[in-house]
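Summary of the model geometry
Here is how the chains run, residue by residue.
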Amino acid sequence: MFGKIEHIGIAVRDMGTANSLYERLLGRPPYKQETVESEGVITSFFLAGDNKIELLQGIHEGNAISSFIEKKGEGVHHIAFEVEDILSEMDRLKKEGFVLINDQPKKGADNKLICFLHPKSTHGVLIELCQEIR
Ligand code: ZN
C-alpha cells in the first residue's frame, strides 16, 4: 500500500547555493547530507514540519540529475511515496501497466530502498517508491 508523500525531490545545479537558499527559506539547516555514489548524486534533506525536501545535484555529466537539468532546468524532479513493501508494490504496478525504470529496488539516500516509475506512464511525473530499510 502507498503511504504518505515521503519527500519531494528538487534538482539543483549547485548544492552550496541551493543549501543556503533552502536554509533561509525553511529557517533551518539540512538534517542530512549524503552522496549516493551508485546514482552519481549529492543529496541534502530538509524538514518542513513533517515534510521532507530532498535536494539533488549530479556529480558528473550524464547522470540522471545533470541531464534532467540540461533538458528542463532546475526544479521539481520527483515525488516520492512511502510504501510498506516495495517488492509487492512494484509487482502490483507492473501488472497495472506502469513502466518501472528499475526492475529491482535500489539502495537510495536516507536509508531507503527505492524504485522509480517512468514519467511516460504517470502523466509526466517521475514517481519514486521508497521503503525504509528495516
Ligand atoms: Zn527521492
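Relevant structure appears above.
Residues numbered from 1 in each chain as written. Predicted model: local features only at pLDDT ≥ 70, side-chain atom pairs only at ≥ 80, totals over all residues. Heavy atoms only, no water.

What about the coordination of the zinc ion?
In plain terms, the rule: Note: metal donors comprise N, O and S atoms at 2.8 Å or less from the metal (3.2 Å for Na, K and Ca); water molecules are not included, so apparent gaps in a site are possible. Each label reflects the angles at the metal, where four donors whose angles all fall between 85 and 135 degrees are tetrahedral, four or six donors whose opposite pairs open beyond 155 degrees and whose other angles stay between 65 and 115 are square planar or octahedral respectively, and the rest are irregular. The helix and strand labels rest on DSSP assignments: H or I over at least four residues marks a helix, E over at least two residues marks a strand, and numbering proceeds from the N terminus. Each residue is placed in one exposure class: buried if its accessible area under a 1.4 Å probe, protein chains only, is under 20% of its type's maximum, exposed if it is over 50%, and partly exposed if it falls in between.
Those donors, His 7 (NE2), Glu 54 (OE), His 78 (NE2) and Glu 128 (OE), are the protein atoms that reach the zinc ion, and they lie 2.0 to 2.2 Å from it. Taken together, the four donor atoms coordinating the zinc ion span angles of 82 to 171° at the metal, a pattern that classifies the geometry as irregular. Mapped onto the sequence, the residues coordinating the zinc ion show the spacing H-x46-E-x23-H-x49-E. Residue His 78 is located in strand 5 (residues 75–83), and its partner Glu 128 is located in strand 8 (residues 127–132); the two are separated by 50 residues in the primary sequence. The two residues His 78 and Glu 128 agree in class, both being buried.

Overview of the pattern of salt bridges
In plain terms, the rule: Salt bridges are identified by distance alone: a Lys or Arg side-chain nitrogen within 4 Å of an Asp or Glu carboxyl oxygen.
One pass over the full model with this rule turns up nine salt bridges. As a salt-bridge pair, Glu 6 and Lys 52 come within 2.6 Å of each other at their nearest N and O atoms. Of this pair, Glu 6 sits in strand 1 (residues 2–11) while Lys 52 sits in strand 4 (residues 51–58); the two residues are 46 residues apart in sequence, bridging distant segments of the chain. Both residues of the pair, Glu 6 and Lys 52, belong to the buried class. The shortest N-O distance in the salt bridge between Lys 112 and Glu 132 comes to 3.0 Å. Here Glu 132 lies in strand 8 and Lys 112 lies in strand 7 (residues 112–117), a separation of 20 residues in the sequence. The network of salt bridges with shared partners includes Glu 6, Lys 32, Lys 52, Asp 110, Lys 112 and Glu 132.

Considerations on the sheet that holds strand 7
The cut-off we apply is this: Two strands pair if DSSP finds at least two bridges between them. By definition, residues are in contact when any of their heavy atoms lie within 4.5 Å. Each axis is a line fitted through C-alpha atoms, taken for helices only over the stretch in contact, and angles between the N-to-C directions span 0 to 180 degrees.
The strand order 2-3-4-1-5-8-7-6 describes an open sheet built from eight strands, whose pairing is mixed. The open sheet terminates on both sides in strands that have one partner only, identified here as strand 2 (32–36) and strand 6 (106–107). Alignment of strand 2 against strand 3 (residues 41–48), held across five bridges, turns out to be antiparallel. In the strand pairing of strand 3, Glu 34 is matched with Thr 43. Contacts from helix 1 (residues 15–26) reach strand 1, strand 2, strand 3 and strand 4, with the element oriented near 5° to strand 3.

That is the geometry; function is a separate question.
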